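Residue-level structure breakdown
Each chain, written out:
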Amino acid sequence: MIKIDDKPIYTDYIKLENQDQFLVTVPLLHPDDPRYAVFWSKQFKNCIEGVWGEMFGGYRYMPGKLYFYKNYFLIQDTDANKQTRYVRPRTDDIEWELAYMSLEAHGFSGFINSEYTSLEIAKDGKVTDLIKQRYPEAIIDGKFKEYIPPRENMRMIHDKPQGRALMQNPTWNEFILGTRGGGKSFSAAAEIEHGIVFDGTTIYNEDFRRSKLTSEYIVGSADSDKSSELCSKVKASIEAKANPNFRELFGIWGSPEDDDFTPSPLFKDMTGSLVSPNKKNPYRHEYKVQLGGRWVTKGTNSKLFHVNYSPKKGDGAQAGAGGRYLKSIIEEVGLLENVIDVHTSNDSTVARDGVRFGVERYQGTSGNIEYIQASKKMFLSPQDYRILAYDNNHGREGRDGKVGFFLPFYMVLRQYKDKDGNTDYEAAAQHINNIREEKAKSSNPDVLREEKMNRPCFIEEMWVNPKGYLLPYDEAVVRERELVEFDRYKQKETPVRLIWDSTGGEGTYNGVRIQINHDVEPYREYPIDPSKRKTPNGTVVIYEFPQLINGVTPPDMYRFVGHDPYVEEDLDRGGSVGSTYVIMNPKYAAQGFNGNTIVASYIDKPIGGLAEYYDNQEKLLAMYGNPLQGLCIEKNRGQDCRAHYIKKNKAYLLMPSPNREQGTNIYQKSVTSYGYNVGNRIVKLQLAKMMADWLLEETELNDGIKKNIERIPCLYLLRQIMNYDLDGNFDAVDGFRGCIVALREYENLQISEATINKDRKQTFSRLLSNPKIFRNGKATQRV
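What comes next concerns the included structure. (Residues numbered from 1 in each chain as written. Predicted model: local features only at pLDDT ≥ 70, side-chain atom pairs only at ≥ 80, totals over all residues. Heavy atoms only, no water.)

**Considerations on the overall build of the chain**
To keep it simple, the criterion reads: The secondary structure listing takes helices from DSSP runs of H or I that are at least 4 residues long and strands from runs of E that are at least 2 residues long, numbered from the N terminus. For every residue, the accessible area obtained with a 1.4 Å probe (protein chains only) is divided by the maximum for its type, and the residue is called buried under 20%, exposed over 50%, and partly exposed between those limits. Contact criterion: two residues are considered in contact whenever any of their non-hydrogen atoms come within 4.5 Å of each other. The protein chains shown are the only cover counted for residues, whose accessible areas, like all others here, come from Shrake-Rupley with a 1.4 Å probe. Charge assignment: positive for Lys and Arg, negative for Asp and Glu; neither His nor the chain ends contribute. By convention, the point assigned to a charge is CZ for Arg, NZ for Lys, CD for Glu and CG for Asp.
Secondary structure assignment for the chain yields 20 helices and 38 strands. Projecting the C-alpha coordinates of the chain onto the three principal axes gives extents of approximately 125 × 75 × 50 Å. Sorting the 783 residues of the chain into buried and exposed places 52% on the buried side. Nonlocal contacts in the chain, meaning residues at least 24 apart in sequence, comprise 67% of its contacts between residues at least 6 apart. For the chain, the accessible area works out to roughly 36,500 Å², and carbon and sulfur atoms hold 49% of it. Distance from the positive charge centre (105 side chains) to the negative charge centre (108 side chains) of the chain: 5 Å.

**Some points on the environment of Q720**
Relative to the assigned elements, Q720 resides in helix α19 (residues 715-723). Residue class for Q720 comes out buried when judged on its relative accessible area of 0%. Taking the C-alpha atoms as reference, Q720 lies 9.8 Å from Y473; in sequence the two are 247 residues apart. Discounting residues that sit within four places of it in the chain, Q720 has contacts with Y526, F730, D731, A732 and V733.

**Here we look at the sheet that holds strand β28 (residues 508-509)**
The cut-off we apply is this: By definition, two strands form a pair when at least two bridges between them are found by DSSP. Geometry is summarised by axes, namely lines fitted to C-alpha atoms with helices restricted to the contacting stretch, and by angles between N-to-C directions that run from 0 to 180 degrees.
Strand order in the open sheet made by the eight strands is β28-β29-β27-β30-β33-β32-β31-β34, with mixed pairing throughout. Both edges of this open sheet fall to β28 and β34 (631-633), since each of them pairs with a single strand only. Bridge count for β28 against strand β29 (residues 512-516) is two bridges, and the pairing is antiparallel. Counted as the bridge partner of Y509 is V512 from β29. Running over the sheet, helix α16 (residues 609-623) touches β27 (494-500), β28, β29, β30 (539-542), β31 (560-564), β32 (578-583), β33 (598-604) and β34 and is turned about 95 degrees from β27.

**Let's talk about unusual backbone geometry**
Between S276 and P277 the backbone carries a cis peptide bond, its omega angle lying at -5 degrees. By the secondary structure assignment, P277 is in the loop between β15 (270-271) and β16 (283-285). Even without being a glycine, E332 presents a positive backbone phi close to 45 degrees. Following the sequence through the fold, E332 ends up in the loop between β20 (327-330) and α10 (339-346).

**Considering helix α17 (residues 639-647)**
Here is the rule we go by: When we speak of the arc, we mean the arc of directions from the helix axis to the C-beta atoms.
Taken as a whole, α17 has its buried residues at C641, R642, H644 and Y645. Each buried residue of α17 lies within a common arc of 160 degrees when the element is viewed along its axis, so the set occupies one face. Summarising the contacts, the buried residues of α17 are in contact with β31, α16 and β34. Looking at the residues trailing α17, positive phi occurs at N649, about 60 degrees.

**Digging into empty space enclosed by the protein**
To keep things clear, this is the line we draw: Put plainly, a pocket is an open set of points on a 1 Å grid over the protein atoms alone with protein on both sides within 12 Å along at least five of seven lines, a cavity is a set where a 1.4 Å probe fits but cannot get out, and a lining residue has an atom within 4 Å of a point. Grid points are joined across faces, edges and corners, and a volume is the space filled by probe spheres set on the points. Charged residues are taken to be Asp, Glu, Lys and Arg, nonpolar residues to be Ala, Val, Leu, Ile, Met, Phe, Trp, Tyr, Cys and Pro, and polar residues to be all remaining types, Gly included.
Here the structure, examined in full by the defined rule, presents four cavities of 30 Å³ or more. There is about 160 Å³ of room inside the largest cavity. Lining of the largest cavity is provided by K65, L66, Y69, E95, L98, A99, S102, S187, A190, E191 and R361. Among the elements of the structure, α2 (64-72), α3 (93-105) and α6 (184-197) are those that each provide at least two residues to the lining of the largest cavity. In terms of residues, the lining of the largest cavity owes the most to one element, α3, which gives four residues. Per-class residue counts for the lining of the largest cavity are five nonpolar, two polar and four charged. For the second largest cavity, the calculated volume is near 80 Å³. As for the second largest cavity, its lining consists of 13 residues, and the residues nearest its centre are P522, Y523, V541, Y543 and C714. At the level of elements, β30, β33 and α19 are the ones that each hand at least two residues to the lining of the second largest cavity. Considered class by class, the residues forming the lining of the second largest cavity number nine nonpolar, two polar and two charged.

**Considering the sheet that holds strand β13 (residues 174-178)**
Taken in spatial order, the eight strands line up as β15-β16-β19-β14-β20-β23-β13-β26 in an open sheet, and their pairing is mixed. Of all strands in the sheet, those with a lone pairing partner are β15 and β26 (405-407), marking the two edges. With four bridges joining them, strand β14 (residues 216-221) and β20 adopt parallel strand pairing. Across the sheet, residue V219 finds its bridge partner in β20, namely I329. In the packing of α10 onto the sheet, contacts are made with β20 and β23 (359-365), and the angle to β23 comes to roughly 165 degrees.

**Considering the nonpolar core**
What counts here: Take the buried residues of types Ala, Val, Leu, Ile, Met, Phe, Trp, Tyr and Cys, join any two whose side-chain atoms come within 4.5 Å, and each joined set is a nonpolar core.
Ranked by size, the top nonpolar core spans 80 residues in total, and within it F379, Y581, Y716, L717 and F736 carry the most contacts. Among the nonpolar cores identified, the runner-up in size contains 60 residues, and F22, V24, F186 and I192 belong to it.

**Quick look at the pairing of β29**
As defined by bridge partners, β27 adjoins β29 across five bridges and the pair is classed as antiparallel. Residue pairing for β29: V496 is matched across the bridge by I516. As consecutive antiparallel partners, β28 and β29 are separated by two residues, and within that stretch N510 has a phi angle of approximately 50 degrees, a positive value.

**Brief notes about the packing of aromatic side chains**
One pair of aromatic rings is described through two measures. These are the centre distance and the angle between the planes. To keep things clear, this is the line we draw: Aromatic rings from Phe, Tyr and Trp, with only the six-membered ring used for Trp, were paired whenever their centres fell within 6.5 Å, and each pair was classed as stacked if the ring planes differed by under 30 degrees, edge-to-face if by over 60, and tilted otherwise. Only when the NZ atom of a Lys or the CZ atom of an Arg is both within 6 Å of the ring centre and within 35 degrees of the ring normal do we say a charge sits over the ring.
A complete count under the given rule lists 36 aromatic pairs for this structure. Ring centres 5.3 Å apart and planes at 65 degrees place the aromatic pair F560 and Y746 in the edge-to-face group. Pair noted here: F560 is in strand β31 and Y746 is in helix α20 (residues 731-768), with a separation of 186 residues, a long-range link. The same class applies to F560 as to Y746, namely buried. One aromatic cluster is present, built from ring pairs that chain together F39, W40, F44, F68, Y72, F198, Y204 and F208. The lysine or arginine in question, R151, covers the ring of Y390, its NZ or CZ lying 4.0 Å from the ring centre.

**Quick word on the packing of helix α1 (residues 34-49) against α2**
So the rule is basically this: Should an angle fall under 35 degrees it is taken as roughly parallel, and over 145 as roughly antiparallel, whereas 65 to 115 is taken as roughly perpendicular and any remaining angle as oblique.
At a closest axis distance of 6 Å, the pairing of α1 and α2 adopts a crossing angle of 125 degrees. Compared by their axis directions, α1 and α2 come out oblique. On the side of α1, the interface is formed by F39, W40, Q43, N46, C47 and I48, while α2 contributes G64, K65, Y67, F68 and Y72. Partitioning the contact of α1 with α2 into residue classes produces seven nonpolar, three polar and one charged.

**Concerning the side chain of S118**
Filter applied, for reference: Whenever a nitrogen or oxygen atom comes within 3.5 Å of another N or O atom, the pair is scored as a polar contact, on the condition that within protein one atom can donate a hydrogen and the other can accept it, and that pairs from neighbouring residues in sequence are kept only if both atoms are in side chains.
With respect to the helices and strands, S118 occurs in the loop between β8 (116-117) and α4 (129-134). Residue S118 is classed as buried on the basis of its relative accessible area, which comes to 0%. A polar contact is formed between the side chain of S118 and the backbone oxygen of I148, at a distance of 2.6 Å. The residues contacting S118, other than those within four sequence positions of it, are F108, S109, G110, Y147, I148, P149, P150, N153 and N169.

**Overview of the packing of helix α12 (residues 425-440) against helix α13 (residues 446-454)**
Helix-helix packing is described using two parameters, namely the angle between the two axes and the distance between the axes. Selection criterion: Each helix crossing is assigned a hand: it is left-handed if the near helix lies turned anticlockwise from the far helix by less than a right angle, otherwise right-handed if that turn is clockwise.
At a closest axis distance of 8 Å, the pairing of α12 and α13 adopts a crossing angle of 150 degrees. When the axis of α12 is compared with that of α13, the two are roughly antiparallel. Taken as a pair, α12 and α13 cross one another with a handedness that is right-handed. Contact with α12, carried on its side by I435, R436, K439 and A440, involves V447, L448, E451 and K452 of α13 and no other residues of that element. When the residues that make up the contact of α12 with α13 are grouped by side-chain class, the tally is four nonpolar, no polar and four charged.

The following block contains the structure:
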């Protein structure tokens with residue numbers, strides 16, 4: 001098993017051989033030579049419909065866009081002598097993966113001559129007359145051909161060539177996020193040029209040959225400089241096909257000063273601007289010719305729009321609205337904080353009459369946490385944005401184990417690829433481990449964090465930078481690993497059922513009897529995958545049973561209880577769960593108890609709804625001594641919780657709204673409300689910092705001095721800490737946050753009372769020493 005940072009890496013990428021068979025040697029032929037038309041007709045067909053090549057005893061399909069990229073696109077490269085020039089690009093394993101991604105996103109549905117089909121509607125098995133008419137290639141003997149998923153079919157080694165690819169499935173969006181230097185922009189630029197040169201066609205037919213087709217593309221970013229680079233790559237490659245310096249690559253005949261000078265057949269005369277915004281004058285295939293004594297406009301009008309999606313513009317998110325694009329490309333998506341709004345606006349631009357025909361492509365690298373949150377949300381929840389989803393083989397993040405396309409650093413190290421483009425994973429991993437070991441020697445931890453963020457090998461590393469994780473990620477990873485090793489978490493948790501019992505018998509605490517619950521499993525995995533759970537129910541988990549002093553539980557021993565409520569609906573569809581955590585008062589650490597640690601949790605979405613949840617929570621509070629004003633909830637989301645305890649005449653359990661930790665008034669206010677406010681992102685950031693500070697604080701207990709996070713026993717909480725951002729749903733973190741708000745409020749009360757007592761003593765001391773009142777230690781008497 002190959003590892004980076006002692007974590008196994010994913011290596012199941014496409015394997016290749018004999019790639020030289022796809023490389024074209026372009027003959028220098030005069031346009032009047034009969035061989036000229038024969039050669040270029042074949043090249044056009046290959047670039048549009050793709051080609052089949054022999055590999056591993058069978059045949060593998062190379063998509064037409066990849067064939068074009070390999071042979072007819074130009075990129076800049078720097079050689080060993082530090083000289084930069086334009087060259088043909090490499091098509092290594094990662095370029096094949098990106099090409100297959102594009103093929104699937106644009107609706108791949110199988111091959112025309114195949115005995116299989118990948119048409120999505122074939123999974124239902126029903127063939128109607130309309131389906132026979134629209135999809136004859138998918139049907140044989142009146143039935144659908146055997147169905148194979150598109151991703152599997154396009155990557156298969158077939159026993160013989162299967163003809164051109166069919167593109168009849170609905171389209172998907174693409175989301176590529178990962179390391180810098182991965183060639184994402186070059187592949188996007190080549191796809192745009194391919195679309196302009198071939199007018200978006202997928203079939204080499206008469207409509208294309210007679211210039212009856214057209215296509216539109218759009219490129220944008222938060223900063224026009226970023227997307228301008230991509231546009232310039234498109235323009236440079238198009239113009240190179242009329243540059244005699246590249247005649248051997250593109251079949252350019254003669255020089256511009258010659259009467260018979262002929263650019264490459266792949267050249268397109270373009271006009272218009274690429275400066276953003278160019279909606280009124282787009283970069284387009286258009287030129288004028290003189291016919292019958294007048295100038296006539298010619299060209300297919302395939303065009304490229306360039307816009308600016310910056311949120312600083314009032315209508316930035318709608319910059320692409322109004323068009324109909326075969327491909328919409330968002331460059332440096334990590335810098336586009338309003339990317340979800342852009343997606344919402346652009347969704348209709350890749351459809352016509354409600355039917356999708358185009359693709360939105362989002363691509364970029366990890367970046368500042370202040371901007372990348374929306375991109376992170378889309379990348380980790382691809383199903384919500386019709387993004388092509390991949391199994392997450394690069395970490396634990398991603399809802400239901402699905403993510404966008406992640407590009408790890410070890411896949412772009414060209415020096416560790418063989419002549420056919422296959423990665424030597426062991427050598428690449430060793431190279432990266434050496435870099436990271438060297439970076440780790442720095443006294444500044446940001447050096448290693450920046451290395452991981454810019455060149456990640458695992459998805460979670462993309463969010464790592466000085467501003468990256470709002471909560472201590474590295475420490476959470478270490479603690480999670482410690483708990484998972486040898487299943488230590490099972491030794492710490494005791495799942496229980498709580499029952500009211502006033503008899504005071506064995507196993508009873510403060511009127512609550514504890515019964516070990518073997519029927520349900522605590523929530524441990526995040527994100528929650530309902531399909532992998534025996535039941536949606538969670539349970540109360542005890543990490544330390546209530547402690548007694550002189551036979552009773554002191555009323556302030558467990559006075560910090562945090563709770564995050566949930567919405568009662570959507571029980572079967574997952575969604576949020578209720579979470580409650582109980583912390584022991586830190587002051588009891590001085591008496592030998594485990595102060596400042598989590599002693600219990602209750603994470604659940606019970607069948608009985610909120611009534612059942614709050615009944616169990618009420619038992620949990622009673623079990624730990626009914627802590628006076630101990631239950632801390634969010635003010636704006638705790639209506640049901642407040643109502644429950646007021647109805648039960650137990651409002652004394654609810655913590656009043658904080659007067660000091662969140663307020664500015666230092667004087668005690670009357671109790672008119674319960675819970676703390678989470679009103680906006682600034683408040684959320686302040687609360688996250690408060691929690692981060694507590695997690696990294698040290699507490700001395702019987703097992704030594706440790707940071708508080710090193711004693712967290714709950715895997716579900718730790719995994720949410722690792723993923724936490726301001727926009728997602730993090731029930732455990734939000735519930736635990738209440739504990740910290742209550743703890744800080746308590747600390748401030750103690751400090752405030754100590755200050756008041758000190759002021760009283762100082763005032764009394766000043767009075768005693770006032771010579772106008774006392775003389776020689778005796779009170780003076782006025783006559």
